[in-house]
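# Survey of secondary and tertiary structure
Single-letter residue listing:
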Amino acid sequence: MDSAETWNKDAVAAIVAALKDAPGALLRILRRVQDDLGWVPPPALPMIAHGLNLSRAEVHGVASFYHDFRHTPPARNVIRLCRAESCQALGAEALARHVRSRLGVGFGGTTADRSFALEAVYCLGNCACSPAGVINGHLLGRLTPEAFDDALESLVRR
Amino acid sequence: MSAGASAAIFVPRDSGALSLGADSVAAAIAAEAARRGVAVKLVRNGSRGLYWLEPMIEVEIAGERLAYGPVGSADVPSLFEAGFLSAAPGGHPLALGAAGKIPYLARQHRIVFARAGVTDPLSVDDYLAHGGFHGLKRALEMPGAAIVDEVVRANLRGRGGAAFPAGVKWKTTLDQPDQTKYVVCNADEGDSGTFADRMLMEGDPLLLIEGMTIAGLAVGAAQGFIYLRSEYPHALRVLTAAIAAAESRGYLGKNVRGTGRGFALDVVVGAGAYICGEETAMLESLEGKRGMVRYKPPVPAVAGLFGRPTVVNNVLTFASVPAIVEHGGDAYNQLGAGRSRGTIPLQLAGNVARPGLIEVPFGLSLRELIYDFGGGTRSGRPLRAVQVGGPLGAYFPAAMLDLKIDYEALAEAGGLLGHGGVVVFDDTVDLAAMARYAMEFCAIESCGKCTPCRIGSTRGVELLDRVLRDRAAAGADLDLLRELCDTLAAGSLCALGGLTPMPVMSALRHFPEDFGLPAPAARP
């Protein structure tokens, strides 16, 4: 994953070439770029537009519509906490306060050293194990502040 | 156990179980078995939906599945020590007895979830051994119109939330003269408090594949798409593998069961937009565009994906179809209450002692669901509110728990069943804060196409922020809030803006004291 403001042009070109004829190609291409690079670099958009014979505005419109597409390089560690009703019913707000102070960053924010990003998510489908969260892609359930700290310790990328 | 035979141990790979450490339990079992020189066969099943017991493992002995849970990796040596591979160690504190006899499961009527948690989700042989593909075999011998007729006679209504009769959609698509038609599964299970689609896709994906294939045969479509939300990476992994397994065994692909009829399936992953659970926004997204709601008509059954006639149904709707085709629509229609026929997989979550998946015929009361199945609140404090039907569903007070769970009964009470999620709150809940959350959620997820939803949700957050700052002086703001909700309900293009007033206004109606108004007179 690129952590600097550089991005892999060849990787994007290969993704466009592979998917440009698939039905609904633009979303699939953006999805793959996000998954492979960890973000959708804005300079990649004209390249994608050219490959699909779309205007840059159309591609920008789609890239900016969806919550998943990041437009800046990702932090080394991405923490997502569910803020929906079931998790709220079991203490998600107290957990969120703990996580914010532990990481020193609010929802939607990234620490200055780019080591942590905290994101709000609205339902992970783990409502029967609320409160739920995700650390670097690992789904966690029945989170307490202590359980969060333990999981962070074992899953953090340093 | 005879010499050389290895005991089968089931450790769920359902993402809920994984979120509680199921992988480390599986690793601990493998390590302990190796240490003791015992052969075991680890099967990674789905979840049976008894989530307070997850990770729940099972050992198959003499045809019976003995369950233990919730199991942590530290418990594994003691299970071996107690001899759990060869007999039922009655004294073990985690022993639950035969899985199927656990009352929570025994009292359900599982049709859609009959196999979830029982079989290996990726084994076609397991699926066949448990009654799989019988519906497809029958469908392959029927003309499309006859398949549609079974779905019509079953009175199957869309399980995604809108409860529109599936048979009507299918018949409309069947009647279109177009050569190219599509079947699209809405697996963008965005409603918070719901997880049945995820459980089904992870626990019995071949059932969804079978249901969609039958739909393709019924309406004359050769291509299907599953639009899956990106929050479900495990479901993606399982679905992708299950599609490959079905193809390799001739249950999917260019020549289904050697009949010369083809049906192909493709999974498309969304990108975190709740609105793409609305069927026309989902179709836009599948076409690679912004997930903006379309005006209707035309309905998707006439002009849907890429302008072609398209059957759009939710995961649970398609998953209900194989049993309907196998046993006939009339048999399915025998179950249920009022105009809600068949079974409904309910998802019980929030502050409840025994959260999980409960599939029963329509007509159960909220009280039976929350107390008989759920065991009351997890905190042990009094239950104060229940939200039924996801983020756009109503909040009901404890005094209304005798409400029956069927589409009409809930609508009459000012609510909806939606996708069948039920979230329980104890007496620490602040309903004015929950109302604010409903408006905030709408503001975050609005697609922006219509003004009432785009602007109204933000104004709603501002209004409720003022109410929360000074509840005693909220009177005028609450009048404005009621007007705003009228505008949203009447003027929005789709259910997001149209139904956001439901949680807001039900909170205000049933819990006025949280908004600075007098409490309703003595509740029964």
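Please read all numbers here as calculations on a predicted model, not as lab measurements.

Rules behind the numbers
Residues numbered from 1 in each chain as written. Chains lettered and ligands numbered in written order. Predicted model: local features only at pLDDT ≥ 70, side-chain atom pairs only at ≥ 80, totals over all residues. Heavy atoms only, no water. Helix = DSSP H or I, 4+ residues; strand = E, 2+ residues; numbered from the N terminus. Buried < 20%, exposed > 50% of the residue type's maximum accessible area, 1.4 Å probe, protein only. Areas by Shrake-Rupley, 256 points an atom, 1.4 Å probe, with all protein chains shown as cover. Lys, Arg positive; Asp, Glu negative; His and termini not counted. Charge placed at Lys NZ, Arg CZ, Asp CG, Glu CD. Rg over C-alpha atoms; globule rule 2.2 N^0.38 Å. Contact = heavy atoms within 4.5 Å. Buried area = accessible area lost by both parts, 1.4 Å probe. Salt bridge = Lys/Arg side-chain N within 4 Å of Asp/Glu carboxyl O. Polar contact = N/O pair within 3.5 Å; in protein donor to acceptor, adjacent residues only side chain to side chain. Nonpolar A, V, L, I, M, F, W, Y, C, P; charged D, E, K, R; others polar. Phe/Tyr/Trp six-rings, centres within 6.5 Å; stacked < 30°, edge-to-face > 60°. Lys NZ or Arg CZ within 6 Å of the ring centre and 35° of its normal. Core = buried A, V, L, I, M, F, W, Y, C linked by side-chain atoms within 4.5 Å. Pairing = 2+ DSSP bridges. Axes fitted to C-alpha atoms, helices over the stretch in contact; angles between N-to-C directions. Disulfide = S-S within 2.5 Å. Parallel < 35°, antiparallel > 145°, perpendicular 65-115°, else oblique. Domains from an automatic or database assignment.

The next thing to look at is the overall build of chain A. Counting its regular elements, chain A contains 7 helices and 4 strands. Counting from the amino terminus, helix and strand elements in chain A follow one another as α-α-α-α-β-α-α-β-β-β-α. Counting only C-alpha atoms and orienting by the principal axes, one finds that chain A spans roughly 50 × 30 × 25 Å. For chain A, buried positions account for 54% of its 158 residues. When the accessible surface of chain A is totalled, it reaches about 6,900 Å², and 50% of it is carbon and sulfur. When the 17 positive and 16 negative side-chain charges of chain A are each reduced to one mean point, those points stand 1 Å apart.

So, on to the overall build of chain B. Counting its regular elements, chain B contains 21 helices and 16 strands. In summary, chain B has a C-alpha radius of gyration of 24 Å against a globular reference of 24 Å for 524 residues, a match within 12%. Its C-alpha atoms put chain B at 80 × 60 × 40 Å along the principal axes. A buried classification covers 61% of the 524 residues belonging to chain B. Intrachain contacts of chain B at a sequence separation of at least 6 include 71% that bridge at least 24 residues. Surface exposure of chain B reaches about 18,000 Å², of which carbon and sulfur atoms provide 54%. Across chain B, the 49 positively charged side chains and the 54 negatively charged ones have centroids separated by 2 Å.

We now examine the interface of chain A and chain B. On the side of chain B, 59 residues touch chain A, which itself brings 35 residues to the contact. When chain A packs against chain B, the two sides together hide about 3,500 Å² of surface, and 59% of this comes from carbon and sulfur. Of all residues in chain A, Phe65(A), Glu85(A) and Tyr122(A) give up the largest surface area on contact with chain B, accounting jointly for 20% of the area buried on that side. Applying the counting criterion to the chain A and chain B interface returns 1 salt bridge. As a salt-bridge pair, Arg28(A) and Asp266(B) come within 2.9 Å of each other at their nearest N and O atoms. Counting every contact that joins chain A to chain B gives 20 residue pairs in polar contact (both at pLDDT 80 or more). Those elements that provide at least two residues to the side of chain A that touches chain B are helix H2 (25-37), helix H4 (56-65), helix H5 (85-89) and strand E4 (138-140) of chain A. Here the residues of the side of chain A that touches chain B sort into 19 nonpolar, 10 polar and 6 charged.

Here we take up H4(A). Every buried residue belonging to H4(A) is among Val59(A), Gly61(A), Val62(A), Ala63(A) and Phe65(A), and all of these are buried. In the core, the buried residues of H4(A) are packed alongside H2 and helix H3 (44-52) of chain A.

Okay, the packing of aromatic side chains next. According to the stated counting rule, one finds 18 aromatic pairs over all chains in the structure shown. Between Tyr66(A) and Phe69(A) the ring centres are 5.9 Å apart and the planes differ by 70°, which places this aromatic pair in the edge-to-face class. Grouping residues by exposure puts Tyr66(A) and Phe69(A) together as buried. Ring plane angle 85° and centroid distance 5.7 Å describe the contact between Tyr51(B) and Phe195(B), whose orientation is recorded as edge-to-face. Of this pair, Tyr51(B) sits in the loop between strand E2 (40-43) and strand E3 (57-61) while Phe195(B) sits in the loop between strand E6 (182-187) and helix H9 (196-203), placing them 144 residues apart in sequence. You'll find Tyr51(B) and Phe195(B) in the same group, each marked buried. Through a chain of ring-to-ring contacts, three or more aromatic side chains come together here, namely Tyr122(A), Tyr274(B), Tyr437(B) and Phe441(B). Above the plane of the ring of Phe373(B) lies Arg107(B), whose end atom (NZ or CZ) is 4.8 Å from the centre. A cation sits over an aromatic face here: Arg257(B) above Tyr251(B), 4.1 Å from the ring centre.

Moving on to the nonpolar core. Ile29(A), Leu30(A), Ile48(A), Tyr66(A), Ile275(B), Met439(B) and Phe515(B) are the most contacted members of the largest nonpolar core, which has 89 residues in total. Not counting residues up to four positions away in its chain, the partners in contact with Phe515(B) are Leu431(B), Ala432(B), Ala435(B), Leu464(B), Val467(B), Arg471(B), Ala474(B), Leu478(B), Ala507(B) and Leu508(B). Core analysis: the second largest hydrophobic core is formed by 68 residues, Ala196(B), Leu200(B), Met212(B) and Leu252(B) among them.

A regular strand carries its side chains on alternate faces of the sheet. All names here are of chain B. In terms of burial, strand E16 (residues 421-426) is largely enclosed, as 6 of its 6 residues are buried. Both faces of E16 are covered, namely the face carrying Gly-421, Val-423 and Phe-425 and the face carrying Val-422, Val-424 and Asp-426. Relative to E16, strand E12 (residues 343-350) runs parallel, the two sharing 4 bridges. Considered in E16, the bridge of Gln-347 is made with Gly-421.

Turning our eyes to something else, we now look at the sheet that holds strand E4 (residues 64-68) of chain B. All names here are of chain B. The sheet built from 5 strands is open, its strands ordered E2-E1-E3-E4-E5 with mixed pairing. In the strand order of this sheet, the two ends are held by E2 and strand E5 (95-98), each with one partner. Mean inter-strand twist for the sheet, computed between neighbouring axes without regard to direction, equals 25°. Sheet topology note: the strand E1 (residues 7-10)/E3 ladder contains 3 bridges and is antiparallel. Note on E3: the bridge partner recorded for Ala-8 is Glu-60. On top of the sheet, helix H2 (residues 22-36) reaches E1, E2 and E3; it is set at about 170° to E2, its chief contact.

A separate point is the pattern of salt bridges. Under the counting rule described, the total for this entry stands at 43 salt bridges over all chains. Through salt bridges that share partners, Glu32(B), Arg35(B), Arg36(B) and Glu81(B) make up one connected network.

Evaluated as defined, the whole model comprises 0 disulfides over all chains. No disulfide involves Cys87(A); its nearest neighbouring cysteine sulfur is the one of Cys82(A), lying 3.7 Å away. Here Cys485(B) is not cross-linked by a disulfide; its sulfur's nearest cysteine counterpart is in Cys442(B), at 9.9 Å.

The subject of this paragraph is the side chain of Gln387(B). As for its placement among the helices and strands, Gln387(B) is situated in strand E14 (residues 383-388). By relative accessible area, which is 2% here, Gln387(B) ends up buried. A polar contact of 3.5 Å, which involves the side chain of Gln387(B), links it to the side chain of Tyr395(B). Each residue touching Gln387(B), except ones within four places of it in the same chain, is listed here: Glu85(A), Gly393(B), Ala394(B), Tyr395(B), Gly421(B), Val422(B), Val423(B), Phe425(B) and Pro503(B).

This part takes up the packing of H9(B) against helix H10 (residues 205-219) of chain B. Two measures define how a pair of helices packs: the angle their axes make with one another and the distance between the axes. All names here are of chain B. Contact geometry for H9 and H10: axes closest at 5 Å, N-to-C directions at 100°. Between H9 and H10, the angle falls in the class roughly perpendicular. Residue-level inspection shows Leu-200, Met-201, Glu-202 and Gly-203 of H9 in contact with H10, the latter providing Pro-205, Leu-207 and Leu-208. Residue composition of the contact of H9 with H10, by class: 5 nonpolar, 1 polar and 1 charged.

Our focus in this paragraph is the domain arrangement of chain A. How large an interface is tends to be reported as the accessible area lost when its parts come together. The assigned domain composition of chain A is domain 1 (9-65) and domain 2 (77-155). Using only C-alpha atoms to locate each centre, domain 1 of chain A and domain 2 of chain A end up separated by 30 Å.

Moving on, we come to the sheet that holds E6(B). Residue and element names in this part refer to chain B. Across the sheet, 4 strands lie side by side as E8-E7-E6-E9; this open sheet has parallel pairing. The sheet is open, and its two borders are formed by strand E8 (264-269) and strand E9 (310-314), each paired with just one other strand. With strand direction ignored, the average angle separating the axes of adjacent strands in the sheet is 20°. Where E6 meets strand E7 (residues 223-228), 6 bridges bridge the pair, whose relative direction is parallel. Each residue of the ladder has a partner; that of Val-183, found in E7, is Gly-224. Sheet strands in contact with helix H13 (residues 315-327) are E6 and E9, and its direction is about 95° off that of E9.

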